Amino acid sequence: VPAQEGMSSITYCPHWLPQAQFAGYYAAEEKGFYREAGLNLKIIHPSASVNAAEYLNNGDADIISLFLTTAFSHKKAGLDLVNIGQLSQNSALLFVSKKEKNINKFSDLNGKKIGIWRSGFDEVARTMIKSSNYKVQWVPILSTVNLFLTDYLDAMVVMWYNEYDQIIQAGFNEDELNIYFASDYGYNIPEDGLYCLNKTYVERKTDIEKFVRATFKGWEYVRKNREEAVEMVLKKMNEAHLATNKAHQTWMLNKVLEMMDPGKKNSEVGELTEPDFHKTQNMLFEGGYLDKRFSYEEFVKKVSLK
């Protein structure tokens, strides 16, 4: 869509390749919510080798999505970013093993060989193991479940909305697997949030707020029109030449929407609460990922969705 007079241009980069995890942005784009807000939005995706924070740092993106733990790491490393909206309110992270491996409780992971992503998103899993004083052999993997399927691994760290379903789709029944959710062990750390540089927030506050509101309008549309949303996702994935299937993207969409629900938390949709902020910061200290603290106000800029 050509930029119209008086429209502000914004480039947004999610933290992974096209998939249903980002359906709300595609819907807001396709349904014209960004345009209605006066924004000419461009969505770019990172490559497997360049992460979204680099796009933010070098000015190729104005707004990105990141895991909360990853955002803390970048802030610590000197990237002056701020949280402008929190999509995920709950952790989707779990450890999975085959029942035949006799890992029947979380402590049975001690001494085992565990697959974990090479590309980050690993702070929660590593801290859980470290704070339990378990010794494990971490095996770095890209984004495939093959090493799990071929029995090379005793267990694997996966996302409820993604790799867990890939394992099921590869032919496993749920009753053949043991699963341990991070959230059941005191690590219910929210994940996907929206970030921009503090400087961008100060200079372009109105545009940033318009983007956040239009994005959540997109997610609301997706919640009510899931089949149509999955079709939008499949179209994006086909354009990017990514292999997938409708069943997996439908599973992912439903789980991502579940994770966005604040549930019993005393919070609004889209808000990173102060207790969640402190819990995450404390966990990263415990895991040795942080050595200095930030205040909630330094890290979070609340955008009203009204």
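For clarity, every value in this text was computed on a predicted model and none was experimentally measured.

Asks: Please explain the packing of helix H10 (residues 226-239) against helix H11 (residues 246-260) as it appears in this structure.
Replies: Packed helices, taken two at a time, are described by the angle between their axes plus the distance between the axes. One can describe the packing of H10 onto H11 by two numbers: an axis separation of 10 Å at closest approach and a directional angle of 120 degrees. Our classification of the angle between H10 and H11 gives oblique. As for how H10 packs across H11, the hand of that crossing is right-handed. Across the interface between the two elements, Arg-226, Ala-229, Val-230, Glu-231, Val-233, Leu-234 and Met-237 from H10 touch Lys-246, Gln-249, Thr-250, Leu-253, Asn-254 and Leu-257 from H11. Each residue belonging to the contact of H10 with H11 can be placed in one class, and the counts come to 7 nonpolar, 3 polar and 3 charged.

Asks: Honestly, the pairing of strand E1 (residues 8-13) in this entry has me stumped. Any pointers?
Replies: Within a regular strand, the side chains alternate between the two sheet faces. Note: E1 against strand E2 (residues 39-43), 5 bridges, orientation parallel. Opposite Thr-11, over in E2, you have Lys-42 as the bridge partner. Here E1 runs beside strand E3 (residues 63-67); their pairing, made up of 2 bridges, is parallel. Following the sheet pairing, Tyr-12 is matched in E3 by Ile-63.

Asks: Looking at this structure, I do not really get helix H12 (residues 274-286). What am I missing?
Replies: Since the α-helix turns once every 3.6 residues, residues separated by three or four places project in the same direction. Between its first and last C-alpha, H12 extends 18 Å over 13 residues, near the 18 Å set by a 1.5 Å rise per residue. The set of residues buried in H12 consists of Asp-276, Phe-277, Thr-280, Gln-281, Met-283 and Leu-284. End-on view of H12: buried residues confined to an arc of 160 degrees, all on one side of the axis. Buried residues belonging to H12 abut helix H4 (68-76), helix H5 (123-131) and helix H13 (296-299). Positive phi shows up at Gly-288, right after H12, with a value of about 80 degrees.

Asks: When you look at the pattern of salt bridges in this model, what are you seeing that I'm missing?
Replies: Side chains that differ in charge, positive against negative, can pair when their charged atoms come close. In the structure shown here, the tally under the stated rule is 20 salt bridges. The closest approach of N and O atoms between Glu-30 and Lys-235, which form a salt bridge, is 3.5 Å. In this pair, Glu-30 sits in helix H1 (residues 23-30) while Lys-235 sits in helix H10, placing the two residues 205 residues apart along the sequence. We classify Glu-30 as partly exposed; its relative accessible area is 43%. In this structure, Lys-75 engages Asp-80 in a salt bridge whose closest nitrogen and oxygen atoms are separated by 3.3 Å. One network of salt bridges, in which partners are shared, links Lys-98, Lys-101, Asp-151 and Asp-154.

Asks: I tried to follow the sheet that holds strand E10 (residues 192-197) on my own but got confused; where do I start?
Replies: Strands in a sheet are paired, the pairing made by backbone hydrogen bonds, and the direction either parallel or antiparallel. Sheet architecture is open: 5 strands sit in the order E2-E1-E3-E10-E4, paired in mixed fashion. The open sheet is flanked by E2 and strand E4 (81-86), the only strands paired with a single partner. Between one strand axis and the next, the sheet turns through 35 degrees on average, direction left out of account. Alignment of E3 against E10, held across 5 bridges, turns out to be antiparallel.

Reading the values: rules and limits
- Residues numbered from 1 in each chain as written.
- Predicted model: local features only at pLDDT ≥ 70, side-chain atom pairs only at ≥ 80, totals over all residues.
- Heavy atoms only, no water.
- Axes fitted to C-alpha atoms, helices over the stretch in contact; angles between N-to-C directions.
- Helix = DSSP H or I, 4+ residues; strand = E, 2+ residues; numbered from the N terminus.
- Parallel < 35°, antiparallel > 145°, perpendicular 65-115°, else oblique.
- Left-handed = near helix turned anticlockwise from the far one by under 90°.
- Contact = heavy atoms within 4.5 Å.
- Nonpolar A, V, L, I, M, F, W, Y, C, P; charged D, E, K, R; others polar.
- Pairing = 2+ DSSP bridges.
- Expected span 1.5 Å × (residues − 1).
- Buried < 20%, exposed > 50% of the residue type's maximum accessible area, 1.4 Å probe, protein only.
- Arc of directions from axis to C-beta.
- Salt bridge = Lys/Arg side-chain N within 4 Å of Asp/Glu carboxyl O.

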